[in-house]
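The chain contents come next:
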Amino acid sequence: MVPANDAEKLILDLVTPVEALETASLGDCLGRVLGQPISSQLDFPHWDNSAMDGYAVRYDDVKTVPATLTVVEEIPAGQVPKCELQTGEAARIFTGGMVPTGADTIVIQENTQRQGPQVTVLTAPSAQAFIRKQGSFYQAGAELLKPGIKIGAAEIAVLAAAQCVSVPVYRRPRVAILSTGDELVDVNHPLAPGQIVDSNRYALAALIAQAGAVPVPLGIVPDQKAATRQAIADALNQADVVISSGGVSVGDYDYVDQILTELGATIHIRSVAVKPGKPLTVATFGRGKNQQLYFGLPGNPVSSLVSFWRFVQPALRKLSGLETRWSPTFVSAKTDDDLKAGGKRETYLWGHLYLGQDGYRFILAAGGHSSGNLVNLSQTSGLVRIPLGETMIQAGSEVRVLMVR
């Protein structure tokens, strides 16, 4: 069995990020990975502008107060100033308004008193107060956004401000999903005795989409060697990554590892020292840029999801072109409950991670923590890690929790 951290490193070392680029519209690039650096021919701000409502003045006129000035112009946002300020003059200005030539300071309106065309400055401002200088946020021609970042709302705002309407992004990896087992039926199929619904397919598809890849569900594969071999071969022709659930344990009908070898795969991992999720197959087909990854996940639903969160999701992040932050996010928290484990493997128990007054807290999900108990996995936001060798962690102790939402 490979220790969890060693398995994670080994898997990430196998991943070669996608290089193919495509173009997404500004309105359709949320969650995509930026594929090229973005620059702008505009300074930000584009011109000197006011950060507050008030009056644009010459500092020398107001460094001694009270000082009474003549208001010669009003400048709302979006209007070009018409006047150049002279000694003894002020311009009424609003937030975002262009600072007129001759002005070098903004006096906020709360520190003034207006009477007709005259304004009296009651409190002396600092020199250049409340002026956002042209180019102080960004200078034209420099790198505005770097490649390898995930595009969120803030990045979309920056792209829009730079008038970037077509955004270069990395192609999203395609991930095929196979569910193996004679006991499985589709969600809309009547259940006979001994049958269960293939829930893994839908959970994995959702997780793949959340990771920024394209899920390619290929249905249920019966426990027959020929059928499994054909299904894997077909999946490899359609995707960058293939994920199967079930068939990777040591049962009489678990053919996956044998078939992978027959198809020419290199198997790097057969099991990990993790509970739940000990049976984990990680294999590769081909070499270099054309190498394809194969993950054989356990069939038990909790084991399948834990294996994805711990090992597959980091691989998909790197594969998608993200520059950094591939590994799972662990945070320190205090557990509200006693935590028990067998001690022979690194153990993950699921529950709710929340932010309390003294930092993160973790509440263990109610009910049994069997790898087949999908029900109490609902609303899971964290997996608490019980290190190898530990069998009991008391309530109130500090623990490490893997964030999964």
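Since we're looking at a predicted model, the values are computed, not measured. (Residues numbered from 1 in each chain as written. Predicted model: local features only at pLDDT ≥ 70, side-chain atom pairs only at ≥ 80, totals over all residues. Heavy atoms only, no water.)

Trainee: Please clarify how helix 1 (residues 4-14) should be interpreted in this entry.
Mentor: Since the α-helix packs 3.6 residues into each turn, any two residues three or four apart lie on the same face. Restricting attention to buried positions, one finds in helix 1 the residues A4, A7, E8, I11, L12 and L14. Along the axis of helix 1, the buried positions cluster into a sector of 155 degrees, meaning they face one direction only. Across from the buried face of helix 1, at angles greater than 90 degrees, the exposed residues are K9 and D13. As for helix 1, its buried residues are in contact with strand 18 (266-271), strand 19 (274-275), strand 20 (279-285), strand 21 (292-297), helix 7 (301-319) and strand 24 (346-356). (Buried < 20%, exposed > 50% of the residue type's maximum accessible area, 1.4 Å probe, protein only. Helix = DSSP H or I, 4+ residues; strand = E, 2+ residues; numbered from the N terminus. Arc of directions from axis to C-beta. Contact = heavy atoms within 4.5 Å.)

Trainee: Quick question: what am I supposed to make of the pairing of strand 28 (residues 398-403) here?
Mentor: A regular strand carries its side chains on alternate faces of the sheet. Pairing geometry for strand 22 (residues 330-335) and strand 28, over five bridges, is antiparallel. Looking at strand 28, one finds that K334 is bridged to E398. Pairing analysis gives four bridges linking strand 26 (residues 382-386) to strand 28, with the strands arranged antiparallel. Opposite V384, over in strand 28, you have V401 as the bridge partner. (Pairing = 2+ DSSP bridges.)

Trainee: Just checking my understanding: could you explain the pattern of salt bridges for this structure?
Mentor: Should the charged atoms of two oppositely charged side chains come close, the side chains can pair. By the definition in use, this model includes 14 salt bridges. For D48, the salt bridge is made with K133, and the minimal N-O distance between the two is 3.1 Å. Highlighted residues: D48 in the loop between strand 2 (38-39) and strand 3 (49-50) and K133 in the loop between strand 10 (131-132) and strand 11 (143-145), separated in sequence by 85 residues. Residues E262 and K225 are paired through a salt bridge, measuring 3.1 Å at the closest nitrogen-oxygen approach. Separated by 37 residues along the polypeptide, E262 in helix 6 (residues 256-262) and K225 in helix 5 (residues 225-236) bring together distant segments of the chain. Under the relative-accessibility criterion, K225 is labelled partly exposed at 31%. What you see here is one network of salt bridges that share partners, running through D186, D198 and R201. (Salt bridge = Lys/Arg side-chain N within 4 Å of Asp/Glu carboxyl O.)

Trainee: How do you make sense of the nonpolar core when you look at a structure like this?
Mentor: The biggest cluster of nonpolar side chains holds 44 residues, and the ones touching the most others in it are I243, F295 and L316. Here the element with the most residues in this core is helix 7; it accounts for 10 residues. Each of domain 1 (4-20 + 172-320) and domain 4 (330-403) contributes no fewer than three residues to this core. Once residues within four sequence positions are removed from consideration, L316 is found in contact with V175, I208, A211, V241 and F308. (Core = buried A, V, L, I, M, F, W, Y, C linked by side-chain atoms within 4.5 Å. Domains from an automatic or database assignment.)

Trainee: Is there a simple way to explain a nonpolar patch on the surface in this structure?
Mentor: Taken together, V187, L191, V197 and Y202 make up a surface patch of nonpolar side chains, about 360 Å² in accessible area. Along the chain, V197 turns up in strand 15 (residues 196-197). For V197, a relative accessible area of 32% puts it in the partly exposed group. (Patch = residues over 30% accessible without salt bridge, like charges linked within 9 Å, V, L, I, M, F, W, Y side chains within 5 Å. Areas by Shrake-Rupley, 256 points an atom, 1.4 Å probe, with all protein chains shown as cover.)

Trainee: Can you help me understand the packing of helix 1 against helix 7 in this one?
Mentor: Two numbers describe a pair of packed helices, the interaxial angle and the distance between the axes. Orientation of helix 1 relative to helix 7, taken along the N-to-C sense of each, is 25 degrees, at an axis distance of 9 Å. Put simply, helix 1 runs roughly parallel to helix 7. In this structure, the crossing between helix 1 and helix 7 has a hand that is right-handed. Along the contact surface, helix 1 presents A4, N5, A7, E8, I11 and L12, while helix 7 presents R310, F311, P314, A315 and K318. The residue inventory of the contact of helix 1 with helix 7, partitioned by class, reads seven nonpolar, one polar and three charged. (Axes fitted to C-alpha atoms, helices over the stretch in contact; angles between N-to-C directions. Parallel < 35°, antiparallel > 145°, perpendicular 65-115°, else oblique. Left-handed = near helix turned anticlockwise from the far one by under 90°. Nonpolar A, V, L, I, M, F, W, Y, C, P; charged D, E, K, R; others polar.)

Trainee: I'm lost on unusual backbone geometry in this one. Help?
Mentor: For residues other than glycine, phi is negative in most cases, and the peptide bonds are mostly trans. Going from V65 to P66, the amide bond is cis rather than trans, its omega being 0 degrees. Checked against the element boundaries, P66 lands in the loop between helix 2 (59-62) and strand 5 (67-75). Here K275 and P276 are connected by a cis peptide whose omega angle stands at -5 degrees. As for its position among the elements, P276 is in the loop between strand 19 and strand 20.

Trainee: What exactly am I supposed to notice about the sheet that holds strand 9 (residues 118-121) here?
Mentor: Neighbouring strands of a sheet are bound in pairs by backbone hydrogen bonds; such pairs are parallel or else antiparallel. The six strands lie next to each other as 7-4-6-5-9-8, forming an open sheet whose pairing is mixed. Single-partner strands in this sheet number two, and they are strand 7 (105-108) and strand 8 (112-115). In this sheet, neighbouring strand axes are inclined to one another by 35 degrees on average, regardless of whether the strands run parallel or antiparallel. Relative to strand 7, strand 4 (residues 54-57) runs antiparallel, the two sharing four bridges. When the sheet's bridge partners are listed, V57 is paired in strand 7 with T105.

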